[in-house]
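# Inside the fold
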Amino acid sequence: MKFNFNSAKPIFLQVAEQIEDAIFTGTFKEGSQIPSTTEISKNFQINPATVLKGMNILVDNHLLEKRRGRGTFVSVGAQSKIIKNRQDNFYNDYIVNLVYEAKNLNMDETQIVNLIKRGYES
């Protein structure tokens, strides 16, 4: 994990994003225990309440689950939820705008697909 303390993005969001990325990439496997709030706060010199706030975002999104007296674990199905969410965001952030602009340029679906294929080839 790496945190940018000079970023406009709050540290608690950076904590949540980095744990989510670790789940996405398989660094933190489903069902496995992640480092504790205390471990993360000590290792990166972050206030434990800040770390907890970031972790709670992922608990609220059902990506992590807390087990009383045992720690925090990656929820089963968390990786597929992250992939689905990122695909939805990709669609909304890129594809909707791509189609809108293509229509403005009088491009049909075949032309768009050919451009995408060209992008994969280069």
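The name given to the protein chain in an unreviewed UniProt entry is GntR family transcriptional regulator, with the source organism recorded as Apilactobacillus xinyiensis.

### Details of the overall build of the protein chain
Looking only at helices and strands, one finds five helices and two strands in the protein chain. What you see in the protein chain, going N to C, is helices and strands ordered as α-α-α-β-β-α-α. By the compact-globule yardstick of 14 Å for 122 residues, the protein chain is too spread out, its C-alpha radius of gyration being 19 Å. Nonlocal contacts in the protein chain, meaning residues at least 24 apart in sequence, comprise 51% of its contacts between residues at least 6 apart. In the form shown here, the protein chain has an accessible surface area of approximately 8,700 Å², with 52% of it arising from carbon and sulfur atoms. Counting 15 positive and 13 negative side-chain charges, the protein chain places the averaged centre of each group 9 Å from the other.

### Points about the UniProt feature "domain: HTH gntR-type" (unreviewed entry) in the protein chain
Per the UniProt entry, the sites bearing "domain: HTH gntR-type" (unreviewed entry) are residues 9-77 in this numbering. Helix makes up 52% of residues 9-77 and strand makes up 12%, while its end C-alpha atoms are separated by 27 Å.

### What about the pairing of strand β1 (residues 64-67)?
Pairing geometry for β1 and strand β2 (residues 71-74), over four bridges, is antiparallel. Looking across to β2, one finds that Arg-67 is bridged to Gly-71.

### A short note on the environment of Glu-109
Within the secondary structure, Glu-109 sits in helix α5 (residues 109-121). Take Glu-109: its relative accessible area is 64%, and that puts it in the exposed class. Taking the C-alpha atoms as reference points, Glu-109 and Val-99, 10 residues apart in sequence, are found 8.7 Å from one another.

### Some thoughts on the packing of helix α2 (residues 37-44) against helix α3 (residues 48-60)
Contact pair α2 / α3: the axes reach a minimum separation of 9 Å and the direction vectors enclose 125 degrees. Looking at the two axes, α2 sits oblique to α3. In the packing of α2 onto α3, the handedness of the crossing is right-handed. On α3, the residues that touch Thr-37, Ile-40 and Ser-41 of α2 are Pro-48, Val-51, Leu-52 and Met-55. Its residues placed into classes, the contact of α2 with α3 shows five nonpolar, two polar and no charged.

Calculation notes
- Residues numbered from 1 in each chain as written.
- Predicted model: local features only at pLDDT ≥ 70, side-chain atom pairs only at ≥ 80, totals over all residues.
- Heavy atoms only, no water.
- Helix = DSSP H or I, 4+ residues; strand = E, 2+ residues; numbered from the N terminus.
- Rg over C-alpha atoms; globule rule 2.2 N^0.38 Å.
- Contact = heavy atoms within 4.5 Å.
- Areas by Shrake-Rupley, 256 points an atom, 1.4 Å probe, with all protein chains shown as cover.
- Lys, Arg positive; Asp, Glu negative; His and termini not counted.
- Charge placed at Lys NZ, Arg CZ, Asp CG, Glu CD.
- UniProt positions renumbered as here; feature names shortened; annotations may be inferred.
- Pairing = 2+ DSSP bridges.
- Buried < 20%, exposed > 50% of the residue type's maximum accessible area, 1.4 Å probe, protein only.
- Axes fitted to C-alpha atoms, helices over the stretch in contact; angles between N-to-C directions.
- Parallel < 35°, antiparallel > 145°, perpendicular 65-115°, else oblique.
- Left-handed = near helix turned anticlockwise from the far one by under 90°.
- Nonpolar A, V, L, I, M, F, W, Y, C, P; charged D, E, K, R; others polar.

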